[in-house]
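If you want the building blocks of each chain, they are given just below.
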Amino acid sequence: MKNCEYQQIDPRALSVLPSSAQNHTEKKAQRPRRKWEVFPGKNRFFCDGRIILARQNGVLPLTLSLIIVTCGLFFAFDCPFLVKHLTVFIPVIGGVLFVFVVLSLLRTSFTDPGILPRATPDEAADVEKQIDTSGSSTYRPPPRTKEILINQQVVKLKYCFTCKTFRPPRTSHCSLCDNCVERFDHHCPWVGNCVGKRNYRFFYSFIISLSFLTSFIFGCVITHITLRTQAGKTIVQAIQESPARYPFLELVVCFFSIWSILGLSGFHTYLVASNLTTNEDIKGSWSSKRGAEDSGNPYTYNSIITNCCATLCGPMPPSLIDRRGFLPHDEAIPAVSASEIELPPFTAKNDAHMVG
Amino acid sequence: MQGLVPAATDGNMATEFHNLQELRHSASLANKVFIQRDYSEGTTCRFQTKFPSELESRIERTLFEDTVKTLNNYYAEAEKIGGQSYLEGCLACATAYLIFLCMETRYEKVLKKIAKYIQEQNEKIYAPRGLLITDPIERGMRVVSFFAV
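Just so you know, the residues in each chain are numbered from 1, in the order the chain's sequence is written. Here chains are named by letter from A upward and ligands by number from 1 upward, in the order in which they appear as written. This being a predicted model, a pLDDT of at least 70 is required before a residue's local features are given, and a value of 80 or more before pairs of side-chain atoms are given or counted; all residues contribute to the totals for chains, interfaces and linings. Excluding hydrogens and water, the side-chain figures rest on all heavy atoms present in the structure.

- Chain B goes by Golgin A7 family, member Ba in an unreviewed UniProt entry, where it is assigned to Xyrichtys novacula.

- Looking at an unreviewed UniProt entry, one finds chain A named Palmitoyltransferase, with Xyrichtys novacula as its source organism.
- According to the UniProt record, the Sequence similarities (unreviewed entry) comment for chain A reads "Belongs to the DHHC palmitoyltransferase family." UniProt positions are given in the numbering used here, feature names are shortened, and annotations may be inferred rather than shown by experiment.

Structure follows, in structure tokens:
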């Protein structure tokens, strides 16, 4: 991780200085800025903060174009033949699946996965104060873990040096996006975004519907080629004959993608049923093979149906980063300067703590 | 958050709210107490009800605990997994998640209730004692912060 070097926050430097606030007022008086413009993570924003993507989203256009091109070829070349020989429902089903796949994909890519905003300097200093209670003048970084009990099981919370807070359980810091993401599953390059608490259900519906779509297209193309060969030609002749050439291309794409997508769907179905994330599964956090400790998954509801419902049909949590909110207006503070406000009694008490 | 400039006809409530906003901006570190999350029941949103020592002279323990427990109940209601949330989830899936463009989720409705509750508590109980609470959603649901004004 790049930002591993810890910098201690000096609490005394945190009090609001009226002079600097006024400087900012002059600079920002032109236009109110939205919070996404100053977002510290490596994300890109579009449509004035409505759409969020990871900075490196190079493979998302490839995913989209593969899907669109394959489906386009399917509708152009297979459907007319199959509608004539089989049923009109084939393009209808194909169309519905295609729309669902593209919408799920876009929803997964453009949704905030559950990014945790970084701690404000006040909170970070408070955390440090709680840890560094020995009051020694020699600086040392705060301990990296904190142990808590979840459902009678010990879980270690790690301290995130970039976000300056103890990560909630199941949260992980994505180095590609430079954000802590809640219920972090993995960073998916095909989708161009992290998969976390808020967009896992969209990701899951994307891969399931994509499995159906690829299987459907694969089946239709096989049927198409089979029907052509039944007219007395060999397979090679049938393929060489235009327009059956293009379905062969679809066949190749579908054949290679089916294995990986079906495998991925199966894997994620297992994860959903046992209420695990890819991250936890890879690290073996709750694997019973590790040592003699009784380490089961503390988040599971011990029922496949409840786990599935909780993960996929649970309530939709809100985005915590408030992309479209406006930055606090420094100019909104009128002539009231800090000197007019009395120093509240808290200051005296806490100064005593800090000095020691 | 409502606008920072209150309408002239709104009277005391708006002016009071405007004052609360100003006071919020001027608070500095030394005046803040943070109530952290309580993860003992999993990842659902709950805050610790342990009474912090810094607030001992400022507010009665029972009032503080009532506030935090009510907030915890609101969050539990928002995150409850039951009939209504399943219905919402299935309906959303059936419409390819387009329904979220026009409908507000239950969580968002409860968040609005929480914001109203916090404002009410600030006006009735905490501001008279020289304290203010910030809505946890503004801090990424990590802490409930109390600060002295």
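1. Considerations on the pattern of salt bridges
Consideration 1: Each salt bridge in this description consists of a side-chain nitrogen of Lys or Arg and a carboxyl oxygen of Asp or Glu lying within 4 Å of one another. In the structure shown here, the tally under the stated rule is 12 salt bridges over all chains.
Consideration 2: Note that A:R118 and A:D178 form a salt bridge whose closest N and O atoms lie 3.2 Å from each other. Here the residue A:R118 occupies a position in the loop between β3 (115-116) and α4 (121-131), and A:D178 occupies one in the loop between β7 (172-174) and β8 (179-181), the gap between them amounting to 60 residues.
Consideration 3: Buried residues are those whose accessible area, probed at 1.4 Å on protein chains only, stays under 20% of the maximum for their type, while exposed residues exceed 50% and partly exposed ones sit between those limits. Take A:D178: its relative accessible area is 12%, and that puts it in the buried class.
Consideration 4: Here B:R46 ties to B:D38 by a salt bridge, and the two come within 3.4 Å at their closest N and O atoms.
Consideration 5: Residue class for B:R46 comes out partly exposed when judged on its relative accessible area of 24%.
Consideration 6: According to the relative accessible area criterion, B:D38 is buried, its value standing at 17%. Strands are runs of DSSP state E lasting at least two residues, helices are runs of H or I lasting at least four, and both sets are numbered from the N terminus onward.

2. Some points on the packing of helix α2 (residues 61-78) of chain B against helix α4 (residues 106-126) of chain B
Residue and element names in this part refer to chain B.
Consideration 1: To define axes, lines are fitted to C-alpha atoms, for helices over the stretch in contact only, and angles between the resulting N-to-C directions are given on a 0 to 180 degree scale. Interaxial distance between α2 and α4 falls to 9 Å at its minimum, and their mutual angle equals 170 degrees. In terms of orientation, α2 and α4 fall into the roughly antiparallel class. Listed contacts from α4 to L63, F64, D66, T67, T70, L71, Y74, Y75, E77 and A78 of α2 are R106, Y107, V110, L111, K113, I114, Y117, I118, Q121, I125 and Y126.
Consideration 2: Of the residues contributing to the contact of α2 with α4, the split by class is 14 nonpolar, three polar and four charged. In what follows, roughly perpendicular refers to angles from 65 to 115 degrees, roughly parallel to angles under 35, roughly antiparallel to angles over 145, and oblique to any angle outside these ranges. The contact rule is simple, with two residues in contact once any of their heavy atoms fall within 4.5 Å. Polarity classes work like this: nonpolar for Ala, Val, Leu, Ile, Met, Phe, Trp, Tyr, Cys and Pro, charged for Asp, Glu, Lys and Arg, and polar for all others, with Gly in that last group.

3. Quick notes on the UniProt feature "domain: Golgin subfamily A member 7/ERF4" (unreviewed entry) in chain B
Consideration 1: Taking the numbering used here, the UniProt-annotated feature "domain: Golgin subfamily A member 7/ERF4" (unreviewed entry) corresponds to residues 33-144 of chain B.
Consideration 2: For residues 33-144 of chain B, helix accounts for 46% and strand for 9%, while the C-alpha atoms at its two ends are 8 Å apart.

4. Overview of the packing of aromatic side chains
Consideration 1: Any pair of Phe, Tyr and Trp rings, taking the six-membered ring for Trp, is counted once the centres come within 6.5 Å. Such a pair is stacked with planes under 30 degrees apart, edge-to-face with planes over 60 apart, and tilted for the rest. By the definition in use, this model includes 13 aromatic pairs over all chains.
Consideration 2: With 5.4 Å between their ring centres and 80 degrees between their planes, A:Y159 and A:F161 make a pair best called edge-to-face. Assigned by exposure class, A:Y159 and A:F161 land together as buried.
Consideration 3: Consider the rings of A:F255 and A:F256, whose centres lie 5.7 Å apart with planes at 80 degrees: the pair is edge-to-face.
Consideration 4: Clustering of aromatic rings is evident, with ring pairs tying together A:F74, A:F75, A:F98 and A:F216.
Consideration 5: Whether a charge sits over a ring depends on NZ of Lys or CZ of Arg being within 6 Å of the ring centre and within 35 degrees of the ring normal. The ring of A:Y200 has A:R183 sitting right over it, with the charged end atom 5.5 Å from the ring centre.
Consideration 6: In this structure, B:K32 is placed above the aromatic ring of B:F147, and the distance from its NZ or CZ to the ring centre is 5.8 Å.

5. Some remarks on the confidence of the model for chain B
All names here are of chain B.
Consideration 1: Per residue, pLDDT measures the predictor's confidence, with a range of 0 to 100. With 80% of its residues at a pLDDT of 70 or more, chain B has an overall mean of 79.
Consideration 2: Across chain B, the secondary-structure element scoring lowest on mean pLDDT is helix α1 (residues 12-26), at 58, and the one scoring highest is α2, at 90.
Consideration 3: Listed scores for the predicted complex are pTM 0.78 and ipTM 0.75.

6. Here we look at the nonpolar core
Consideration 1: We call a set of buried Ala, Val, Leu, Ile, Met, Phe, Trp, Tyr and Cys residues a nonpolar core when their side-chain atoms join them within 4.5 Å. Formed by 41 residues in total, the largest nonpolar core has its most connected members in A:I67, A:F74, A:F203, A:F206, A:L210, A:L213 and A:I217.
Consideration 2: Here this core gets 12 residues from one element, more than from any other, and that element is helix α5 (residues 200-230) of chain A.
Consideration 3: The residues contacting A:F206, other than those within four sequence positions of it, are A:T63, A:I67, A:V101, A:S104, A:L105, A:T108 and A:V191.
Consideration 4: Ranked by size, the runner-up nonpolar core spans 32 residues in total, among them B:F47, B:F51, B:I59 and B:Y75.

7. A few points about the pairing of strand β4 (residues 145-150) of chain A
All names here are of chain A.
Consideration 1: Here, strands pair whenever DSSP counts at least two bridges between them. Across six bridges, β4 lies against strand β5 (residues 153-160) in antiparallel orientation. From the neighbouring strand, E147 faces β5, where its bridge partner is K156.
Consideration 2: Turn length for the β4-β5 hairpin, with the two strands adjacent in sequence and antiparallel, is two residues, and the turn residue N151 shows positive phi of about 50 degrees.

8. Remarks on the sheet that holds β8(A)
In sheet architecture, strand pairing relies on hydrogen bonds along the backbone and comes in two forms, parallel and antiparallel.
Residue and element names in this part refer to chain A.
Consideration 1: Spatially, the three strands line up as an open sheet ordered β3-β8-β7, and their pairing is antiparallel. At either margin of the open sheet sits one strand with a lone partner, and together these are β3 and β7.
Consideration 2: Where β3 lies against β8, two bridges are found, and the strand directions are antiparallel. When the bridges of β8 are listed, I115 appears paired with V181.

9. So, the side chain of A:S209
All names here are of chain A.
Consideration 1: Take S209: it is sitting in helix α5.
Consideration 2: Assessed through its relative accessible area of 4%, S209 is described here as buried.
Consideration 3: In this structure the side chain of S209 is engaged in a polar contact, spanning 2.5 Å, whose partner is the backbone oxygen of S205.
Consideration 4: There is a polar contact of 3.1 Å between the side chain of S209 and the backbone oxygen of F206.
Consideration 5: Residues within four places of S209 in sequence aside, it is in contact with L97, F100, V101 and S104. Pairing of N or O atoms within 3.5 Å defines a polar contact, subject to two protein rules: one partner must be a possible hydrogen donor and the other a possible acceptor, and residues neighboring in sequence count only if both atoms are side-chain atoms.

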